[in-house]
Amino acid sequence: MTETITPLRIHSESTFDRRVIKAEGEPLSGLSIDTVQVNIGLRCNLACHHCHVESSPARKEEMTWETMQLVLDAAERCGAGTIDITGGAPEMNPQFRRFVAAARALDKHVMVRTNLTIMLESGYEDLPRFFKQYRVHLIASLPCYLENNVDKQRGRGVYKESIEVIRRFNQIGYGLESDLPLDLVFNPGGPSLPPDQHALEEAYRHELAARFGIRFTRLIAITNIAIGRFLHDLQRQGKAEQYQQLLCDSFNPATLAGLMCRHQLHVGWDGTMYDCDFNFALALPTLGPSRHVRDFDPATFVSRRIATGEHCFACTAGCGSSCGGALA
Ligand code: SF4
Ligand code: SF4
């Protein structure tokens, strides 16, 4: 029988919690801290329709160097091997390069979530060489291999610019050499689940090679979560409830073990700790008394109860969804 749900209700025991308890016998809790994901600022050179953190060139929020040092200290103390840097366009934080260099000096695997087009802006043209020097793992948005779909979601001209930047990365070895990974991120243009990630990856590989001769390492398929600008779009179209119901009806317990919140600490630009990027966007910090990274305690954090809500159904629908793609 289908349960009726209300989009984005966040309370002590939501429909999502009941599903998790039915599957696992208890509410969602942490399992490990493999990654520290850090949102170093909300400024972006783009203002995409689906942006869940509502970034744009007008946003001013950015992480200070002092907070970045606290983040690195937290990563050291919990033994996380990966620092996953996001934004906004994280490259626009003035301390970005210093932060990457410091994380690499600690021998962390550094991932940067990039919109690619920033590399064409004045002052950022040398970033590809910088990324190569520090062996940064790039995760780049390219929500479709077709120009119309990308420009509709991200703005006119973004597709051509993205292709040009991927070409430049290929020229220096990204997407071709094993220690220079260039992953692409797909997300659906509307209120539907992503198609099978492996089949889509093959289609991307074929189309991008045939049209432009460009290559990438891996495709990550992400489910749109009904928050931020994407939610506003759905509400304008009268499709918000229908989409949330689809996510709820597609709940797959096999995705629970791999949910990204169970294996990471997420730190917002002001140092507040969250379970994930989506909770950051919803201003829903971690549960418990310690909410700033300066008070981070790995021993209590690792098995914490996770702050959940109806939005979590986006991560457990179908094959599941995380910053690393499908889960099941
Ligand atoms: S989705 Fe990414 S590229 Fe687009 S506005 Fe948001 S942060 Fe910028
Ligand atoms: S939205 Fe965040 S807290 Fe909820 S299941 Fe997904 S990763 Fe976990």
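Okay, so let's go over this structure. The structure presented is a predicted model; accordingly, all values stated were derived computationally and were not measured.

Rules used in this analysis
Residues numbered from 1 in each chain as written. Chains lettered and ligands numbered in written order. Predicted model: local features only at pLDDT ≥ 70, side-chain atom pairs only at ≥ 80, totals over all residues. Heavy atoms only, no water. Near = heavy atom within 4 Å. Nonpolar A, V, L, I, M, F, W, Y, C, P; charged D, E, K, R; others polar. Buried < 20%, exposed > 50% of the residue type's maximum accessible area, 1.4 Å probe, protein only. Helix = DSSP H or I, 4+ residues; strand = E, 2+ residues; numbered from the N terminus. Contact = heavy atoms within 4.5 Å. Axes fitted to C-alpha atoms, helices over the stretch in contact; angles between N-to-C directions. Parallel < 35°, antiparallel > 145°, perpendicular 65-115°, else oblique. Core = buried A, V, L, I, M, F, W, Y, C linked by side-chain atoms within 4.5 Å.

1. Some thoughts on the site of ligand 2
(1) Moving on: Surveying the vicinity of ligand 2 reveals the residues Met-260, Cys-261, Cys-276, Phe-278, Asn-279, Ile-306, Ala-307, His-311, Cys-312 and Cys-315.
(2) Moving on: By residue class, the composition of the shell around ligand 2 is eight nonpolar, two polar and no charged.

2. Comments concerning the site of ligand 1
(1) Moving on: As a matter of local geometry, ligand 1 sits amid Cys-44, Leu-46, Ala-47, Cys-48, His-50, Cys-51, Ser-55, Gly-88, Asn-115 and Arg-154.
(2) Moving on: The residue makeup of the shell around ligand 1, split by class, is five nonpolar, four polar and one charged.

3. Some remarks on helix α9 (residues 240–249)
In an α-helix there are 3.6 residues to a turn, and that puts residues three or four apart on one side.
(1) Moving on: Considered for burial, the residues of α9 that qualify are Ala-240, Tyr-243, Gln-244, Gln-245, Leu-247 and Cys-248.
(2) Moving on: Turning to α9, the residues buried within the fold contact α1 (15–24), α8 (228–237) and α12 (313–316).

4. Quick look at the packing of helix α6 (residues 158–171) against helix α7 (residues 197–212)
(1) Moving on: With their axes 12 Å apart at the nearest point, α6 and α7 run at an angle of 85° to one another. In this view, α6 runs roughly perpendicular relative to α7, as classed from their interaxial angle. Of the residues in α7, those touching α6 at Tyr-159, Ile-163 and Arg-167 are Leu-208, Arg-211 and Phe-212.
(2) Moving on: Considered class by class, the residues forming the contact of α6 with α7 number four nonpolar, no polar and two charged.

5. Some words on the nonpolar core
(1) Moving on: Counting residues in hydrophobic clusters, the biggest one holds 70 residues, and the most contacted among them are Ile-85, Phe-99, Phe-131, Phe-169, Tyr-204 and Leu-208.
(2) Moving on: Ranked by residues supplied to this core, first place goes to helix α2 (residues 65–78) with seven residues.
(3) Moving on: Here Ile-85 is in contact with Val-38, Ile-40, Pro-90, Phe-96, Phe-99, Val-100, Val-110, Met-111, Val-112 and Arg-113, once residues within four sequence places are set aside.
(4) Moving on: Of all hydrophobic cores here, the second largest spans 27 residues; its members include Val-20, Phe-251, Leu-259 and Phe-313.

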